Each structure stands twice: as C-alpha cells, then as structure tokens.
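# Breakdown of the fold
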Amino acid sequence: MTRLIVAAGGGGDAVAAAMLDAALYGSGESPAVILTYAWDRLLIDPVPGPRGPANFTGLRPLTRSVCTVPAGAKPVAPAGSTLPRLAAELPHTFALINPQQGAEGITRQLEELIEHLAPESIDLLDVGGDILAKGDEPTLRSPLGDALTLAACCQVDSPVRLLVAGPGLDGELPAEVLADRMGPATLTLTAEHVEPIGSVLEWHPSEATAMLAATARGVRGLCEVRDAGLPVPLTDEGPTVHEADLDEALNRNELARAILATETLAEAEQYSREVCGYSEIDYERNKASWLGSQPEQKLDPEAALRQLAQFEAKARGRGITHTTFRRITEALGLNGKQRQDLRALLLSSRPEQYAAPLWRIPAEEVQVSVDA
C-alpha cells in the first residue's frame with residue numbers, strides 16, 4: 001500500500017519526511033510518495049520563490065497536474081533545486097507541488113494524487129511548527145508555503161493527519177508557544193531514525209532538519225542559525241513528533257483561511273502581505289538583489305579560519321554552543337557556491353568540532369594553522 005506525505009515547507013521538510021517515513025514504518029515497507037515544493041534557500045536557488053514544472057527538464061508525469069522529480073531532472077538555469085539529488089540518494093518518490101495556481105491548484109493536485117495512489121495514509125508534515133501560527137506572531141518569518149499546503153489539505157475529501165516535528169526548531173514559534181496547539185509527542189526520533197538520510201545531511205542546506213537530526217542524535221545546547229544569527233534551543237523536545245488537529249490549525253491560521261480560494265501564487269502572496277504584513281518571497285527578492293550586487297569572494301583557507309575564530313569568540317559570548325554551516329558561510333561573507341568548500345575545510349582542520357550535521361562552538365579559542 002502507498003503512503004503519501006505532504007512536506008509543508010519545501011526541501012527541508014521533504015528530507016524530514018523521508019526520516020519520519022522510516023521511523024514510522026521501517027525499512028520493510030515501500031517508501032512513501034513525498035509531495036513537496038521545489039523551494040530552496042538562495043544559497044542553492046538564486047531565484048526567489050518556489051519553482052514550478054516549467055523550471056525543470058526531465059520531470060515525469062504522474063497525474064494530469066502532478067509530476068515527479070527523478071534523479072535525472074535538472075532545474076533550468078539560473079534556478080537551482082535539491083530535489084533531483086534527493087531523488088538520486090533516497091528511495092522515495094518526490095512529487096512536485098506547483099503553487100502557481102494558488103491553494104485551489106494544490107488542492108487539485110492532492111485530489112488527483114489521492115485518486116491515483118489510493119494511499120493508506122496521508123500525513124502533512126511541518127518541521128518547527130510554524131504551520132500552527134495565527135499569522136501575527138512577531139517571530140514568524142515564512143508562513144506562505146505552510147499556509148498553502150494547510151489550506152489545500154483541509155479541502156480534500158480524505159483524512160489528513162497533521163504532524164509537527166521538532167517544535168520550535170525552525171526558529172519561528174518557540175516550543176513553549178506551540179505546547180498548547182498540539183497534542184503530546186507521538187514519537188521521539190533517535191539516531192537510528194536519522195541513519196537512512198545521513199548522507200543527505202552532509203550536503204542539504206536545511207537548518208531546521210539539521211537541528212532535528214542533531215537533537216535525535218543527542219546534541220543539546222543553543223544553535224545559531226540564519227543570516228540574522230537567531231538562537232534556537234536544542235532540547236529534549238527537539239526530536240519529538242506531535243500530532244495536531246488539522247481543523248483547529250486552519251481555524252487558527254488566518255493566512256490559510258484567507259487563501260483557501262486563491263487561484264494564483266501572486267494572489268496568495270498579496271494576502272500574506274495583508275494578513276502578516278509581509279511576503280517571504282519579497283524578502284527573498286530583496287536579498288537576491290543584494291547578493292547579486294556583492295563582489296565574488298574567493299575562499300582563502302587561512303583568512304576563513306581567522307574569520308571563523310572571530311565569529312566563534314563572539315558566538316561564545318552570546319552563549320552559543322552550535323551553529324550551522326549555512327550560518328558560518330553567510331557570517332564569513334561567502335556565497336552559497338562556497339558552502340561545501342568551507343565545510344570541507346572546517347571538517348579537515350577541526351574534525352572534533354563536527355556534531356553532525358552541526359558545527360560545535362568550542363568552549364575556548366582553538367589555535368589552528370593551515371598550510372598555504
């Protein structure tokens with residue numbers, strides 16, 4: 001029997017969906033179909049917003065409105081996407097959410113998939129829990145993708161289970177705010193559950209899923225993420241998975257209710273500006289414009305390690321114990337293309353600081369020299 005998992009927020013949630021599928025059903029079952037956005041950070045995809053089918057070559061039709069992203073698919077330049085590589089490294093089928101026709105379009109895609117697959121279960125998964133937002137929370141940063149999938153899942157004539165993994169790990173709604181918006185933990189992820197996606201975590205840029213995996217492996221502390229250096233607690237709550245009531249989530253989420261009948265992404269985005277006061281795609285547009293104006297920097301190992309030492313010293317002063325490679329890349333003024341080179345440099349020079357897949361901030365300054 002087929003299972004369908006809808007990844008609420010894009011690439012990172014898709015990776016978490018693969019981990020959750022293994023945790024819930026084990027390796028003996030056929031992998032689930034994961035319905036997800038092609039919506040990566042600007043480190044991977046320099047084009048703001050989510051990608052649709054027209055932004056890829058090599059997609060395979062699954063239903064009239066839904067395509068799968070196989071390993072051989074390629075994003076059309078200048079766009080980028082992690083989905084083809086996920087398809088190459090994981091056994092799951094990745095189906096592409098196309099948000100260009102708004103919530104009504106995603107609802108049609110879901111209905112077609114349900115008719116075609118006749119899934120035994122349908123789960124809507126969100127890492128962090130911002131899908132449970134009202135819309136006016138000051139720490140909310142990326143509500144649109146979650147609101148679109150929530151609106152669509154509430155309109156299909158099939159039962160959908162809403163799951164929140166790693167409450168608070170997306171750095172948007174704190175875990176204590178989410179506590180009364182979801183039920184008790186139904187599952188606590190462990191290092192064994194991370195094993196099936198371990199290779200993906202070595203290159204995938206998702207910070208929330210990286211912290212989810214790290215807490216499942218026992219990492220605890222305070223992790224600094226994003227370009228703004230947001231501190232996220234890594235606690236025993238980090239690796240937990242909770243079920244939440246789907247209808248209650250819709251009734252609470254003002255943006256999801258507002259976009260129920262939207263027929264274009266632009267229309268949904270305008271509702272986000274009106275309801276939440278901003279659009280995350282506008283933020284991406286502004287950041288992409290700024291990044292495009294910055295001069296290309298070459299990775300200088302000695303300079304990078306000196307800058308890292310300065311960054312770590314300041315982070316220690318803020319009480320930070322861990323950070324992500326994305327955060328380090330941006331803090332050192334490097335671009336997304338240099339993230340993997342920087343990561344390789346750090347792992348080769350200071351392997352003891354790797355708290356997979358995070359970077360541990362040492363309690364004291366580390367002296368390291370690099371051969372030119």
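Anything mentioned here points back to the structure above.
The notes below deal with the structure included here. Positions within a chain are numbered from 1, following the residues in the order the chain's sequence is written. At least 70 in pLDDT is required for a residue's local features to be given in this predicted model, at least 80 for side-chain atom pairs to be given and counted, and no such filter applies to totals for whole chains, interfaces and linings, which use all residues. Side-chain descriptors were evaluated using all non-hydrogen atoms of the structure, hydrogens and water having been removed beforehand.

## Focus on the pattern of salt bridges
For this analysis, a salt bridge means a side-chain nitrogen from Lys or Arg found within 4 Å of a carboxyl oxygen belonging to Asp or Glu. As enumerated under the stated definition, the model contains 20 salt bridges in all. The shortest N-O distance in the salt bridge between Asp236 and Arg220 comes to 2.8 Å. A residue pair is termed long-range when its members are at least 10 positions apart, and Asp236 in the loop between β12 (230-234) and β13 (240-244) and Arg220 in the loop between α8 (207-216) and β11 (221-225) qualify at 16 residues. The partner of Asp227 in a salt bridge is Lys287, and the shortest N-O contact between them spans 3.1 Å. Of this pair, Asp227 sits in the loop between β11 and β12 while Lys287 sits in helix α12 (residues 280-292), and the two are 60 residues apart along the sequence. We count a stretch as a helix when DSSP gives it H or I for four or more residues in a row; a strand needs E for two or more, and each element gets its number in order from the N terminus.

## Focus on a negative patch on the surface
Here the term patch refers to residues with relative accessible area over 30% and no salt bridge, with like charges joined within 9 Å and nonpolar side chains (Val, Leu, Ile, Met, Phe, Trp, Tyr) within 5 Å. Per-residue accessibility takes into account occlusion by the displayed protein chains alone, with areas from the Shrake-Rupley method and a 1.4 Å probe. Charge assignment in this entry is limited to Lys and Arg as positive and Asp and Glu as negative, and neither His nor the chain termini are counted. Charge placement uses NZ in Lys and CZ in Arg. For Asp and Glu, CG and CD serve respectively. Side chains of Glu243, Asp245, Asp247 and Glu248 sit close together on the surface and give a patch of like negative charge. With respect to the helices, strands and loops of the structure, Glu243 is situated in strand β13.

## A short note on the environment of Val241
Here Val241 lies in strand β13. Residue exposure (1.4 Å probe, protein chains only): buried if accessible area is under 20% of the type maximum, exposed if over 50%, otherwise partly exposed. Taking relative accessible area as the criterion, Val241 reaches 1% and is therefore assigned buried. As a C-alpha pair, Val241 and Gly128 span 113 residues in sequence and 9.8 Å in three-dimensional space. By the convention used here, residues are in contact when the closest approach between their heavy atoms is within 4.5 Å. In contact with Val241, other than residues within four places in its own chain, are Leu20, Leu163, Val164, Ala165, Ala185, Thr186, Leu187 and Leu189.

## Quick look at the environment of Ala313
Inspection of the secondary structure assignment puts Ala313 in helix α13 (residues 301-317). A residue is classified by how much of its surface remains accessible, and Ala313, at 38% relative accessible area, is partly exposed. Each C-alpha atom, one on Ala313 and one on Glu364, is 8.2 Å from the other, the two residues being 51 residues apart in sequence.

## Looking at unusual backbone geometry
Ala77 connects to Pro78 through a cis peptide bond whose omega is 10 degrees. Inspection of the secondary structure puts Pro78 in the loop between β6 (74-75) and α2 (83-89). Unlike most non-glycine residues, Ala118 shows phi in positive territory, near 45 degrees. On the secondary structure map, Ala118 appears in the loop between α3 (102-117) and β8 (121-127). Looking at Ala118, the relative accessible area reads 49%, which means it is partly exposed. With a phi angle near 65 degrees, Arg226 is a residue other than glycine that sits in the positive phi range.

## As for the sheet that holds β12
Whether two strands pair comes down to DSSP finding at least two bridges between them. In spatial order, the strands read β12-β11-β14-β16-β15; together these five strands make up an open sheet with mixed pairing. In the strand order of this sheet, the two ends are held by β12 and β15 (354-355), each with one partner.

## Some points on the side chain of Glu284
Of note, Glu284 is situated in helix α12. It is Arg41 that comes nearest to the buried, bridge-free Glu284 among opposite-charge side chains, at 4.9 Å. Filtering out sequence-adjacent residues up to four positions away, Glu284 remains in contact with Trp39, Leu42, Pro48 and Gly49.

## Digging into empty space enclosed by the protein
Cavity and pocket criteria rest on a 1 Å grid covering protein atoms alone: a 1.4 Å probe that fits but cannot get out defines a cavity, protein on both sides within 12 Å along at least 5 of 7 lines defines an open pocket, and an atom within 4 Å of a point defines a lining residue. Grid points are joined across faces, edges and corners, and a volume is the space filled by probe spheres set on the points. Here the structure, examined in full by the defined rule, presents three cavities of 30 Å³ or more. Each pocket or cavity is described by its volume, and for the largest cavity that value is around 130 Å³. Forming the boundary of the largest cavity are 16 residues, of which Leu201, His204, Phe325, Arg339 and Pro357 lie nearest the centre. Those elements that place two or more of their residues in the lining of the largest cavity are α8, α14 (325-331) and α15 (339-349). The dominant element in the lining of the largest cavity, judged by the number of residues it contributes, is α15, at three residues. Residue type decides the class: Asp, Glu, Lys and Arg count as charged, Ala, Val, Leu, Ile, Met, Phe, Trp, Tyr, Cys and Pro as nonpolar, and the leftover types, Gly among them, as polar. Residues belonging to the lining of the largest cavity are distributed by class as follows: seven nonpolar, four polar and five charged.

## Regarding the packing of aromatic side chains
Geometry of an aromatic ring pair is reported as the spacing of the ring centres plus the angle between the planes. Here a Phe, Tyr or Trp ring, Trp counted by its six-membered ring, pairs with any other such ring whose centre lies within 6.5 Å, and the pair is stacked when the planes are under 30 degrees apart, edge-to-face when over 60, and tilted otherwise. Taken as a whole and judged by the stated rule, the model has three aromatic pairs. Ring plane angle 80 degrees and centroid distance 5.9 Å describe the contact between Tyr37 and Trp39, whose orientation is recorded as edge-to-face. Across the pair, Trp39 and Tyr37 agree in class, each one buried. Of the aromatic side chains, those joined through ring pairs into one cluster are Phe325, Tyr354 and Trp359.

These figures capture arrangement, not role.
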